[in-house]
Amino acid sequence: MIEAKLEKSEIEKLQTFFNATNKQLNNASNYALREVINWVKSQLVKRTASETKIQQKPLTQKTSKGTARIHSSVDKTNKTARLWFGTYKISLARLNPRQIVKGGSKKRKNSRAGVVAGVGGSIFRQGAFLMPIRKKTGEAGVVPYQVMKRAGRERLPIIKQTFDYSDKAITVEKEIMSQVPKKLADTLRAKLKWQTEKN
């Protein structure tokens, strides 16, 4: 979890410096908290996707069980904003998977068959295959294919293929967390300056 909190002493100093009213201070604080937590969310998704070489969109989508991967809230009373980033494994089906077969063209020979996924085919699962997904009604599922792989040489069982991005996401989260205090202070000053100058 990443927390952005405005300390009372810092708020009071800025209120005195800008000669701001309580209303102006309150508005500026709320704007600053919302802007910073949105910045945190954007940076977290962008950097995690870049570090893991996967698409950004799956990091903001709910899991197959309906659990949010990322959620933010702002407590206006206590001047605190929080963001939770769940590092649940992502199904390869959500990472633009593509089946590759052994062989290929003269220019590009594939020595192994399987499934590639992620940005530029950064993830490869040898022996995996795309299995069409259908609902009981016969309609296509949320994703048209699921990426599966046989556990052994037998036809069954088969295992759903996922991607674990937790280690890199946690590292990125720590880096962003260290930037939050300064970002919040600078944003509050800018918002308070705007509030006092517009009236």
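Student: I tried to follow the layout of surface pockets on my own but got confused; where do I start?
Tutor: To find leftover empty space, one rolls a probe the size of a water molecule over the atoms. Looking at the second largest pocket, its volume works out to about 170 Å³. As for the second largest pocket, its lining consists of Glu3, Ala4, Lys5, Leu6, Glu7, Glu10, Met177, Val180, Pro181, Leu184, Ala185 and Leu188. Of all the secondary-structure elements, those providing two or more residues to the lining of the second largest pocket are β1 (2-5) and α4 (166-198). For the lining of the second largest pocket, the element with the highest residue contribution is α4, accounting for six residues. Among the residues forming the lining of the second largest pocket, the class breakdown is eight nonpolar, no polar and four charged.

Student: Explanation requested: the sheet that holds strand β8 (residues 114-117) in the structure shown.
Tutor: Pairing in this open sheet of three strands is antiparallel, and the strands run β5-β8-β9 from one edge to the other. Where the open sheet ends on each side, the last strands, each with one partner, are β5 (98-100) and β9 (123-126). This sheet shows a mean twist of 25 degrees between the axes of neighbouring strands, independent of strand direction. The pairing of β5 with β8 spans three bridges and is antiparallel. Along β8, the bridge assignment pairs arginine 98 with valine 116.

Student: Looking at this structure, I do not really get the pattern of salt bridges. What am I missing?
Tutor: Oppositely charged side chains can pair when the atoms bearing their charge come close. Scanning the model with the defined rule gives six salt bridges in all. Among the salt bridges present, the one from arginine 82 reaches glutamate 3, with a minimum N-O distance of 3.0 Å. Within this pair, whereas arginine 82 is found in strand β3 (residues 80-85), its partner glutamate 3 is found in strand β1, the two being separated by 79 residues in sequence. Judged by its relative accessible area of 27%, arginine 82 falls in the partly exposed class. Under the relative-accessibility criterion, glutamate 3 is labelled partly exposed at 35%.

Student: Where do I start with α4 in this structure?
Tutor: Because each turn of an α-helix spans 3.6 residues, side chains separated by three or four positions end up pointing in the same direction. If you check α4, its first and last C-alpha atoms are 44 Å apart, about what 33 residues at 1.5 Å a residue would give, namely 48 Å. Largest kink in α4: about 40 degrees, centred on valine 180, with the proline proline 181 one to four residues after it.

Student: What is the right way to look at the pairing of β1 in this model?
Tutor: Remark: a regular strand shows side chains that alternate across the two faces of the sheet. Side chains of β1 alternate between two faces, with Ile2 and Ala4 buried and Glu3 and Lys5 left unburied. Pairing analysis gives four bridges linking β1 to β3, with the strands arranged antiparallel. Of the residues in β3, the one forming a bridge with glutamate 3 is arginine 82.

Student: How should I be thinking about the sheet that holds β3 in this particular structure?
Tutor: Whenever strands of a sheet pair, they do so through backbone hydrogen bonds, lying parallel or antiparallel. A sheet is described by the order of its strands in space; here three strands give the open sequence β1-β3-β2, paired in antiparallel fashion. Two strands close off the open sheet at either side, each with one partner strand: β1 and β2 (70-75). For this sheet, the mean angle separating the axes of adjacent strands, direction not counted, is 10 degrees. In this sheet, β3 lies alongside β2 in antiparallel orientation, the contact comprising six bridges.

Student: It is not clear to me how the packing of aromatic side chains should be interpreted in this structure. Could you clarify?
Tutor: Here a ring pair, both rings aromatic, is described through the centre-centre distance and the interplanar angle of the planes. In total, this model carries three aromatic pairs according to the counting rule given. Between the aromatic rings of phenylalanine 17 and phenylalanine 18, the centroid separation amounts to 5.0 Å while the plane-to-plane angle is 85 degrees, which identifies the pairing as edge-to-face. By relative accessible area, phenylalanine 17 is classed as exposed at 66%. With centroids separated by 6.2 Å and ring planes inclined at 45 degrees, the aromatic side chains of phenylalanine 85 and tyrosine 165 adopt a geometry described as tilted. Taken together, the positions of phenylalanine 85 in strand β3 and tyrosine 165 in the loop between β13 (162-163) and α4 put the pair 80 residues apart, joining distant regions of the chain.

The rules behind each value
Residues numbered from 1 in each chain as written. Predicted model: local features only at pLDDT ≥ 70, side-chain atom pairs only at ≥ 80, totals over all residues. Heavy atoms only, no water. 1 Å grid on protein atoms, 1.4 Å probe; cavity = no way out; pocket = protein on both sides within 12 Å on 5 of 7 lines; lining within 4 Å. Points joined across faces, edges and corners; volume = space filled by probe spheres on them. Helix = DSSP H or I, 4+ residues; strand = E, 2+ residues; numbered from the N terminus. Nonpolar A, V, L, I, M, F, W, Y, C, P; charged D, E, K, R; others polar. Pairing = 2+ DSSP bridges. Axes fitted to C-alpha atoms, helices over the stretch in contact; angles between N-to-C directions. Salt bridge = Lys/Arg side-chain N within 4 Å of Asp/Glu carboxyl O. Buried < 20%, exposed > 50% of the residue type's maximum accessible area, 1.4 Å probe, protein only. Expected span 1.5 Å × (residues − 1). Bend = angle between axes of the 7 residues up to and from the residue. Phe/Tyr/Trp six-rings, centres within 6.5 Å; stacked < 30°, edge-to-face > 60°.

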